[in-house]
Amino acid sequence: MPEIMTAVPDLVGPYQPIWSRPDVLRGILHSLRRLPPLVEAEDCARLTDELATVTRGESVVLQAGDCAELFTDSAPERVRAKAAQLHELGSRLRRTGRAPILVGRLAGQYAKPRSRSVEIGDDGVEIPVYLGDAVNDRTPTAAARRPDPHRLLLAYSHAARGLRTLASGRTTYASHEALLLEYERALVRPDPIRGGVFASSAHTVWIGERTRDVGGPHVEFAASVSNPIGVKIGPGVDPAEAAALVSRLAGTRPPGRLSLIVRMGADRIGERLPPVVRALGEDAARVVWLSDPMHGNTVRSARGLKTRVMRRMTEEVERFCAVLHRHRVQPGGLHLEMTPDEVTECVENCAELGPGPARSRYRSACDPRLNPAQAIALVERFTEVLTGA
Ligand code: PEP
Ligand code: MN
């Protein structure tokens, strides 16, 4: 068990937890460095090749899953249900005439960057926020929220368990946000296929909106590995900054290496995305453009619940495609937060944001997810837009 903390748990540097036991952390990182890779370099290389076909309009990506996975989500029946949902949506994407590439936000999506470091617990006392199962426990008590380095080893085992189930089904790749640098660095392995090293924690990882500073350590990490990499870009991205990210991360590497995951919000994408595409010049056609219509459209309901409105998300997807089409660049796919469970975390329209009855099936460990019907609706709309229907 972790000992009583002396330091106040908080986020230091770019969203890294202050671990309760630095001595224990060192031992755990030492063990992680000796464990087998979670994924194989050749599968990562194959994914890069497949993603390159997206830039030519031959395939389309669906990257989707929980905002924050729980360790219990590594159970085979959970992973099978999520893979089945991805494949169901993938079969709908086939109507675009393009081959679907399915990438789960799963088997490792265990760490969250949070905008606040503390919140008020059930008994009215301030406690550290939940940072994902790789860091602390969801239970709203100060003790449960203490960052515990043992959880990094558990993250490895649960990811391994999830990946075993994933590998036994049809091709589905695994991805997560590369947030916890100590964990990610401990899992870097030599890449016999492409040379250099690869991140063996997942087939592809992405860098979040909060940690994509071009001179920061997350981008440095992403630049150092051979995997396909994603970077989220929000409404505040400076076009020159986006161009610098692309040159740092894609450089002279083949298309498919870098995906830009656009999450600007329905209101702002029409104004903010065009200068970004223009600033990339010819590189714009070499990156994979994904639309995350969730993170720029998060609102709070009158009851204080974080939610997202289907209409706004649909509009963002439509505007994303319109901007890219105008610039003769392929819209490459969707990045969604969704679950196979019948939750009521996202709503259909703004009228449902009022102080109506409590939404009974709100279970997300972090952000609101699409339920199966909502995920289908967004994928179908994207499919219609791509086929010009
Ligand atoms: C997320 O994908 O859950 C997330 C935190 O996204 P962003 O970095 O775009 O805010
Ligand atoms: Mn999220």
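In the block above lies the structure referred to throughout.
What counts, and where the lines are drawn
- Residues numbered from 1 in each chain as written.
- Chains lettered and ligands numbered in written order.
- Predicted model: local features only at pLDDT ≥ 70, side-chain atom pairs only at ≥ 80, totals over all residues.
- Heavy atoms only, no water.
- Phe/Tyr/Trp six-rings, centres within 6.5 Å; stacked < 30°, edge-to-face > 60°.
- Helix = DSSP H or I, 4+ residues; strand = E, 2+ residues; numbered from the N terminus.
- Buried < 20%, exposed > 50% of the residue type's maximum accessible area, 1.4 Å probe, protein only.
- Near = heavy atom within 4 Å.
- Polar contact = N/O pair within 3.5 Å; in protein donor to acceptor, adjacent residues only side chain to side chain.
- Areas by Shrake-Rupley, 256 points an atom, 1.4 Å probe, with all protein chains shown as cover.
- 1 Å grid on protein atoms, 1.4 Å probe; cavity = no way out; pocket = protein on both sides within 12 Å on 5 of 7 lines; lining within 4 Å.
- Sits in = over half its atoms within 2 Å of the grid points.
- Donors = N, O, S within 2.8 Å, 3.2 Å for Na, K, Ca; no water.
- Axes fitted to C-alpha atoms, helices over the stretch in contact; angles between N-to-C directions.
- Left-handed = near helix turned anticlockwise from the far one by under 90°.
- Contact = heavy atoms within 4.5 Å.
- Nonpolar A, V, L, I, M, F, W, Y, C, P; charged D, E, K, R; others polar.
- Salt bridge = Lys/Arg side-chain N within 4 Å of Asp/Glu carboxyl O.

### Some remarks on the packing of aromatic side chains
Here is step 1 of the chain: Tallied over the full model, the rule gives one aromatic pair.
Here is step 2 of the chain: Ring geometry for F71 versus Y110: centroids 4.9 Å apart, planes at 75°, classification edge-to-face. Here the residue F71 occupies a position in the loop between strand 3 (59–65) and helix 3 (76–93), and Y110 occupies one in the loop between strand 4 (99–105) and strand 5 (118–120), the gap between them amounting to 39 residues.
Here is step 3 of the chain: Overall, Y110 belongs to the buried group, its relative accessible area being 2%.

### Here we look at the site of ligand 1
Here is step 1 of the chain: Looking at ligand 1, the residues that line it are C67, R105, K112, P113, G208, E209, R210, K232, R263, H295 and E337.
Here is step 2 of the chain: Contact between ligand 1 and K112: an oxygen atom at 2.7 Å from a side-chain N or O atom of the residue.
Here is step 3 of the chain: K232 places a side-chain nitrogen or oxygen 2.8 Å from an oxygen atom of ligand 1.
Here is step 4 of the chain: For ligand 1, the protein covers 98% of the area, taking 300 Å² as the surface of the free molecule.
Here is step 5 of the chain: At a threshold of 2 Å from the grid points, most atoms of ligand 1 map onto the largest pocket.

### Focus: the coordination of the manganese ion (ligand 2)
Here is step 1 of the chain: Coordination of the manganese ion (ligand 2) by the protein involves C67 (SG), H295 (NE2), E337 (OE) and D367 (OD), with metal-donor separations of 2.1 to 2.5 Å.
Here is step 2 of the chain: The exposure class assigned to C67 is buried, which follows from its relative accessible area of 0%.
Here is step 3 of the chain: Looking at D367, the relative accessible area reads 9%, which means it is buried.

### Section: the packing of helix 8 (residues 269–280) against helix 9 (residues 310–326)
A packed helix pair is summarised by two numbers, namely the angle formed by the two axes and the spacing between the axes.
Here is step 1 of the chain: Packing of helix 8 against helix 9 brings their axes to within 10 Å, and their N-to-C directions diverge by 35°. The hand of the helix 8/helix 9 crossing is right-handed. Facing helix 8, whose interface residues are I269, G270, L273, P274 and V277, helix 9 presents E316, R319, F320, V323, L324 and R326.
Here is step 2 of the chain: Taken together, the residues of the contact of helix 8 with helix 9 break down into seven nonpolar, one polar and three charged.

### Comments concerning the pattern of salt bridges
Any two side chains of opposite charge can pair, on the condition that their charged atoms come close.
Here is step 1 of the chain: Here the structure, examined in full by the defined rule, presents 30 salt bridges.
Here is step 2 of the chain: Across the salt bridge formed by E337 and R308, the nearest N and O atoms sit 2.8 Å from each other. Of the two residues, E337 sits in strand 16 (residues 331–337) while R308 sits in strand 15 (residues 306–308), which places them 29 residues apart along the sequence.
Here is step 3 of the chain: Exposure remark for R308: the relative accessible area of 0% places this residue in the buried category.
Here is step 4 of the chain: With a closest N to O distance of 2.6 Å, R381 and E318 form a salt bridge. Here E318 lies in helix 9 and R381 lies in helix 10 (residues 372–387), a separation of 63 residues in the sequence.
Here is step 5 of the chain: Residue R381 is classed as partly exposed on the basis of its relative accessible area of 25%.
Here is step 6 of the chain: Residue E318 is classed as partly exposed on the basis of its relative accessible area of 27%.
Here is step 7 of the chain: Shared partners join several salt bridges into a network, and the residues in it are D66, D73, R78, K82, D341, E345 and R369.

### A closer look at unusual backbone geometry
Here is step 1 of the chain: Unlike most non-glycine residues, A107 shows phi in positive territory, near 55°.
Here is step 2 of the chain: Here A107 is to be found in the loop between strand 4 and strand 5.
Here is step 3 of the chain: One non-glycine residue with positive phi stands out, namely R328, at about 55°.
Here is step 4 of the chain: Note on placement: R328 falls in the loop between helix 9 and strand 16.
Here is step 5 of the chain: Note on R328: relative accessible area 76%, which makes it exposed.

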